[in-house]
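For reference, the chains in residue letters:
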Amino acid sequence: KANLVHIKAALRWAVEQKFLQMAPKIRMPKNTETMKGRVITAEEFERMLTKVENIKTPNPESWRFLLLGLWWSGLRLGEALKLHWTDDRELCVDLQNELIVMQAGSHKRRKYLQCPMAPEFADMLKAVPEDQREGYVFNPVGSRKFPGQLFLNTACRIISTLGKEAGVVTGESASGKRKYASAHDLRRSFGFR
């Protein structure tokens with residue numbers, strides 16, 4: 001549907017420029033797509049937090065911190081994983097002014113932004129001791145074998161696994177396959193609150 005909108009605009013432009021006498025009729029498909037997830041409740045989120053201990057990782061607390069950060073910040077997972085305490089080349093925390101500074105190209109809007117933090121998120125970050133405020137804000141440890149920064153799809157899969165273990169169903173595909181809570185459902189929940 002999105003592609004057809006652009007094609008129709010191009011055809012109208014071609015008619016205006018006299019490249020075509022008349023634009024052909026294009027039937028637009030009906031919008032049958034349903035939302036890919038839903039807002040999750042505080043109780044469902046708490047259930048997800050209790051399942052963090054099930055992750056086979058040397059530091060489950062790093063995952064609890066990430067989940068809480070997604071819940072309180074509204075950041076996309078990729079943005080959260082790029083968020084840095086001091087390096088302002090991409091996404092950076094400015095705790096003094098309670099801002100997240102986003103450089104152009106480091107996030108979806110591709111513009112330089114200074115976004116105010118939700119008070120709960122600012123409080124969460126201020127609770128981190130100053131001597132631990134270096135490197136990435138969220139640095140969940142995937143495994144002992146690969147201790148470095150996680151790939152986005154790995155983090156996404158692990159969070160969805162937590163949603164599944166917690167039994168937080170957020171949708172169903174046309175084939176009847178259940179969809180479980182994901183990182184983006186935490187973003188939806190932040191927006192709803």
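Keep in mind the model is a prediction, meaning the values are calculated, not measured. (Residues numbered from 1 in each chain as written. Predicted model: local features only at pLDDT ≥ 70, side-chain atom pairs only at ≥ 80, totals over all residues. Heavy atoms only, no water.)

**Quick word on the sheet that holds strand β4 (residues 113-116)**
Here we have 4 strands laid out as an open sheet, ordered β1-β2-β3-β4, and mixed in their pairing. Each of the sheet's edge strands pairs with one partner strand only, and the pair in question is β1 (83-84) and β4. Bridge count between strand β2 (residues 91-94) and strand β3 (residues 99-102): 4 bridges; the pairing is antiparallel. Within β3, the position partnered with C92 by the bridge is V101. (Pairing = 2+ DSSP bridges. Helix = DSSP H or I, 4+ residues; strand = E, 2+ residues; numbered from the N terminus.)

**With respect to the nonpolar core**
If you look at the biggest cluster of nonpolar residues, it comprises 42 residues, and the most contacted ones within it are W63, L66, L83, F121 and I159. It is helix α3 (residues 60-73) that contributes the most residues to this core, 5 residues altogether. Residues within four places of I159 in sequence aside, it is in contact with M48, W63, L66, L67, L70, L77, A181, S182 and A183. (Core = buried A, V, L, I, M, F, W, Y, C linked by side-chain atoms within 4.5 Å. Buried < 20%, exposed > 50% of the residue type's maximum accessible area, 1.4 Å probe, protein only. Contact = heavy atoms within 4.5 Å.)

**Examining the pattern of salt bridges**
Scanning all chains against the criterion turns up 10 salt bridges. Notably, a salt bridge pairs R89 with D87, separated by 2.6 Å at the nearest N-O pair. A salt bridge links D185 to R188; the shortest N-O distance between them is 2.6 Å. Of the two residues, D185 and R188 both sit in helix α7 (residues 183-192), 3 residues apart, roughly one turn of that helix. When its relative accessible area of 21% is taken as the criterion, R188 is described as partly exposed. The network of salt bridges with shared partners includes E53, E61 and R64. (Salt bridge = Lys/Arg side-chain N within 4 Å of Asp/Glu carboxyl O.)

**Digging into the packing of α3 against α7**
Contact geometry for α3 and α7: axes closest at 7 Å, N-to-C directions at 35 degrees. Residues L67, L70, W71, W72 and S73 of α3 touch α7, and the partners they reach there are A183, L186, S189 and F190. Across the contact of α3 with α7, the residue classes tally to 7 nonpolar, 2 polar and no charged. (Axes fitted to C-alpha atoms, helices over the stretch in contact; angles between N-to-C directions. Nonpolar A, V, L, I, M, F, W, Y, C, P; charged D, E, K, R; others polar.)

**Quick notes on the environment of V141**
Along the chain, the position of V141 falls in the loop between α5 (119-126) and α6 (152-165). Owing to a relative accessible area of 17%, V141 belongs among the buried residues under this scheme. Excluding its chain neighbours within four sequence positions, the residues that come into contact with V141 are T57, P58, N59, S62 and W63.

**A few points about the packing of aromatic side chains**
Applying the stated rule across the entire model yields 4 aromatic pairs. Pairing F45 with W71 gives two aromatic rings, centres 4.3 Å apart and planes at 5 degrees, and the pair type is stacked. Pair noted here: F45 is in helix α2 (residues 42-50) and W71 is in helix α3, with a separation of 26 residues, a long-range link. Centre to centre, the rings of F121 and F138 are 6.3 Å apart; their planes meet at 20 degrees, and the pair counts as stacked. Highlighted residues: F121 in helix α5 and F138 in the loop between α5 and α6, separated in sequence by 17 residues. Across this residue pair, the class does not change: F121 and F138 are buried. Here the aromatic cluster, defined as three or more aromatic residues joined through ring pairs, consists of F65, F121 and F138. If you follow R193 out to its NZ or CZ, it ends over the ring of W71, 4.0 Å from the centre. (Phe/Tyr/Trp six-rings, centres within 6.5 Å; stacked < 30°, edge-to-face > 60°. Lys NZ or Arg CZ within 6 Å of the ring centre and 35° of its normal.)

**Digging into the side chain of S189**
Position of S189 relative to the elements: it lies in helix α7. In this structure the side chain of S189 is engaged in a polar contact, spanning 2.8 Å, whose partner is the backbone nitrogen of I40. In this structure the side chain of S189 is engaged in a polar contact, spanning 2.8 Å, whose partner is the backbone oxygen of D185. Non-local contacts of S189, meaning those with residues more than four positions away in its chain, are made with V39, I40 and W71. (Polar contact = N/O pair within 3.5 Å; in protein donor to acceptor, adjacent residues only side chain to side chain.)

So far we have only geometry, and geometry alone does not tell us how the molecule works.
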